[in-house]
Amino acid sequence: VFSIVVFGSIVNEGYLNNNSGGEKFCIYNRNPSACSYGVAVGVLAFLTCLLYLALDVYFPQISSVKDRKKAVLSDIGVSAFWAFLWFVGFCFLANQWQVSKPK
């Protein structure tokens, strides 16, 4: 749900049109990397969530204890990795928002 909120809000209101031309710019300090990072992490997190949702549905049919252990450990590892990416994204976007000029 949070990934949909992040990439949806950046795609919807994260880019603004320049008054002098038709070129769009990122609202976060006019840094296109900030908007691209937010959208990329949001989309990839959503796809990863769908993958693990499918694994969760398939999980009761896994008979091997070793395979179940691998599935659970991969879920924990991927969750830790995404928590790190969300933290980096929060720090990066907050910093770019802080140094943005009001214009």
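Please refer to the structure higher up on the page.
Now for a description of the structure that goes with this document. (Residues numbered from 1 in each chain as written. Predicted model: local features only at pLDDT ≥ 70, side-chain atom pairs only at ≥ 80, totals over all residues. Heavy atoms only, no water.)

Things to note about a nonpolar patch on the surface
Piece 1. A cluster of nonpolar residues, V43, L44, L47, L50 and L53, forms a patch on the protein surface that exposes about 430 Å² of accessible area.
Piece 2. Relative to the elements of secondary structure, L47 occurs in helix α2 (residues 32-58).
Piece 3. Classification of L47 as partly exposed rests on a relative accessible area of 48%. (Patch = residues over 30% accessible without salt bridge, like charges linked within 9 Å, V, L, I, M, F, W, Y side chains within 5 Å. Areas by Shrake-Rupley, 256 points an atom, 1.4 Å probe, with all protein chains shown as cover. Salt bridge = Lys/Arg side-chain N within 4 Å of Asp/Glu carboxyl O. Helix = DSSP H or I, 4+ residues; strand = E, 2+ residues; numbered from the N terminus. Buried < 20%, exposed > 50% of the residue type's maximum accessible area, 1.4 Å probe, protein only.)

Brief notes about the environment of N95
Piece 1. With respect to the helices and strands, the residue N95 is situated in helix α3 (residues 65-98).
Piece 2. Each C-alpha atom of the pair N95 and F81 lies 21 Å from the other, and the pair is 14 residues apart in sequence.
Piece 3. Engagement of the side chain of N95 in a polar contact is seen with the side chain of Q96, the distance being 3.4 Å. (Polar contact = N/O pair within 3.5 Å; in protein donor to acceptor, adjacent residues only side chain to side chain.)

Quick look at the packing of aromatic side chains
What characterises a pair of aromatic rings is the spacing of the ring centres plus the angle enclosed by the ring planes.
Piece 1. A full pass over the atoms with the stated rule returns 2 aromatic pairs.
Piece 2. Arranged with centres 6.2 Å apart and planes meeting at 90 degrees, the rings of Y37 and F92 form a pair that is edge-to-face. Taken as a pair, Y37 in helix α2 and F92 in helix α3 lie far apart in primary sequence, 55 residues in all.
Piece 3. Aromatic side chains F81 and W82 sit 5.8 Å apart centroid to centroid with 70 degrees between the ring planes, which places their arrangement in the edge-to-face category.
Piece 4. Directly above the aromatic system of F59 lies the positively charged group of R68, at a separation of 4.8 Å from the ring centroid. (Phe/Tyr/Trp six-rings, centres within 6.5 Å; stacked < 30°, edge-to-face > 60°. Lys NZ or Arg CZ within 6 Å of the ring centre and 35° of its normal.)

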